[in-house]
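# Coordinate inspection notes
Listed below are the residues making up each chain.
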Amino acid sequence: MGERVTAREAIALVCDDFVEAEPVGRPCVPDGPIAWEGYDAARARAAERTGSKESVVYGEATLGGRRCVVVSFEFGFLGGSLSIRAGDRLEAAYGAARERRRPLISLIATGGSRMQEGMVALSQLQRVAHASVLLRDAGVPHIAVLRDPTTGGGWATLGAGADVILALPTAQVGFAGSRVRPPEADPAAYTAEGQLASGQIDAIVRGEDLREVLAYWAGALGAGLAGAEAEGHAAGGHVVPGAAPAAGTPGTGSGAGAGLTAEDERGGHGASAPMSGPVGTPGSTPGAAGPQAAAPAVADPPRVEPAPPPYALGGAPLPLTGWDAVQQARAPGRPRAEAYLDQYFTHRRPLHGDRCGGTDPGLLCGVGLRDGRPIAYVAQCGTPTRPAGYRTAARVVRLADRAGIPVLTLIDTPGAANDAEAERAGAGAAIAELFSAIAAARTPLTSLLIGEGGSGGALALAAPGNTWATPDSYFSVIAPELAAAILKRGSEQVPRTADQLRLRPQDLVELGVVRGIVTPAPVNRNAAPTDGPASPAG
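This structure is a prediction, so every number in the text was calculated from the model and none was measured. (Residues numbered from 1 in each chain as written. Predicted model: local features only at pLDDT ≥ 70, side-chain atom pairs only at ≥ 80, totals over all residues. Heavy atoms only, no water.)

This structure, assessed with the given rule, holds 35 salt bridges. In this structure, Glu 54 engages Arg 114 in a salt bridge whose closest nitrogen and oxygen atoms are separated by 3.0 Å. On the criterion of sequence distance, the pair formed by Glu 54 in the loop between α2 (39–50) and β2 (56–63) and Arg 114 in the loop between β4 (104–110) and α4 (118–122) is long-range, its members being 60 residues apart. An identical accessibility class is assigned to Glu 54 and Arg 114; each is buried. (Salt bridge = Lys/Arg side-chain N within 4 Å of Asp/Glu carboxyl O. Helix = DSSP H or I, 4+ residues; strand = E, 2+ residues; numbered from the N terminus. Buried < 20%, exposed > 50% of the residue type's maximum accessible area, 1.4 Å probe, protein only.)

Here you go:
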């Protein structure tokens, strides 16, 4: 998909099959809603050239064995611009995905709103935003692919509003199109690569890899859409001691119907035709900004099993003293997040950036597969976590909660970044956002302390009541060196201060801060782990 392709060619490149849908047509008025001279002729030429009636094609498809609703833009039809009829198609596609509980895949290539329809075209962004909220509330995932170009309102709604955002290499991506941006603007900022660097998209994917990547995300985030109770999976790490946690129960209520009343091109909505059966009930208030939806039906949420904590890596013994614990956690050769993730998952793909212009290379986020089961992960890599990292983590937790998949967090940081830049970037607000996301999550969370647990910057990632520790870790309200300095103690008193803080893994178990200490994997990895005695205190 390196060169510009048509809407249907893009669908054929990623889908196994496709059944196109067509909304019920709305009555036409000469030259559209604002009587733009020559508009009818321009639409007729575009239709003849592309074989499409509008800039948006939608329907049902199979992707990696999973049924999905697919939207694809025809850039050759007046620059893939959004019109009132394109709005009809987009709203119908969102409604079908929501009602049938199938992932929505958007293959976007658009220059923005269609100027020949004036404000009526621009108001379609509100319709898309409304449909997007209903889809998100229903727990149905939306995965967007940014083709070349993706600009204007199409980027600001379908693109940037998706749960997972992928882009083709070198694609033009930005709110400002090439003809309206300032002449002195850095062109790199308006590319897929620039958007990745600023945390606005999750990954850049080559065209030849797109089918596989889309199938992964549709399967991982769509695993809970059937509404059936999630199957239990084998436990992972050998843990000691503690009772089993209560499983979370994510909500998966479906959204309201997306039926529409027929009106003409001057405003309102066109009636959407079902793809195979009804997709909703009539809306009550037609208008350019979207219908008022009925209250969503609430379904019984499926039970989601927590992610098992990983086994300990490295074979470190329990520390004898508090200072021993600190030194073990700070040892350069200690296993880090990357090693734990590689041991835990058979496959994983990243979620990148905070969607606010920031990234944190010291935080790994994404969704992985363990025994075929999707699990979201957030993993600190031993560096001070930056505000963008906390915001990214909160985004991942909220996504997992909507999708009904469990979350695993790996804790390893000396603390939150505390430089002036971090303060200006909103460190406190970002940490608060993550605390709130975890507190509000209905899906179960599991945390493993794998190294340093530096104060609130580490606690923000901890699952209340389901946090575990490795033998070479510690958790402390403050670093021993800083505590000694505050108490006006000399450096020789730092080890004693570490003991007083009771930060060893075994201390944390005794205090009830963590549930238990994980041990290395048994020699026979096929053997189911069983609870054993607690590791002896030093």
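Turning our eyes to something else, we now look at a nonpolar patch on the surface. A cluster of nonpolar side chains, namely Ile 34, Trp 36 and Met 115, defines an oily patch on the protein surface of about 320 Å² accessible area. Among the structural elements, Trp 36 can be located in the loop between β1 (17–21) and α2. What makes Trp 36 partly exposed here is its relative accessible area of 36%. (Patch = residues over 30% accessible without salt bridge, like charges linked within 9 Å, V, L, I, M, F, W, Y side chains within 5 Å. Areas by Shrake-Rupley, 256 points an atom, 1.4 Å probe, with all protein chains shown as cover.)

Before going further, it helps to examine the confidence of the model for the protein chain. Chain-level statistics for the protein chain give a pLDDT mean of 86 and a share of 83% at 70 or above. In this model, residues 227–262 is a region of pLDDT below 50 whose contacts with residues beyond four sequence positions or in other chains number 136 contacts. (pLDDT = per-residue confidence, 0-100. Contact = heavy atoms within 4.5 Å.)

Below, the discussion takes up unusual backbone geometry. Of note, the amide linkage connecting Asp 148 to Pro 149 takes the cis form, showing an omega dihedral of -5 degrees. With respect to the element layout, Pro 149 can be found in strand β5 (residues 142–151). Phi at Asp 31 is positive, roughly 60 degrees, even though this residue is not glycine. Here Asp 31 lies in the loop between β1 and α2.

To continue, consider the packing of aromatic side chains. Aromatic rings in a pair are described by how distant their centres are and how their planes are angled relative to each other. Enumeration according to the criterion identifies 3 aromatic pairs in this entry. Consider the rings of Tyr 216 and Trp 217, whose centres lie 5.6 Å apart with planes at 90 degrees: the pair is edge-to-face. You can call Tyr 216 buried: its relative accessible area is 9%. With a centroid separation of 4.9 Å and an interplanar angle of 85 degrees, the aromatic rings of Tyr 344 and Phe 345 are classed as edge-to-face. Each member of the pair Tyr 344 and Phe 345 is classed as buried. Each member of the aromatic cluster is reached from another via a ring pair, and the members are Tyr 344, Phe 345 and Tyr 377. Of note, Arg 43 hangs over the ring of Tyr 39, and the distance from its end group to the ring centre comes to 4.2 Å. Positioned over the ring face of Tyr 216 is Arg 349, at 5.5 Å from the centre of the ring. (Phe/Tyr/Trp six-rings, centres within 6.5 Å; stacked < 30°, edge-to-face > 60°. Lys NZ or Arg CZ within 6 Å of the ring centre and 35° of its normal.)

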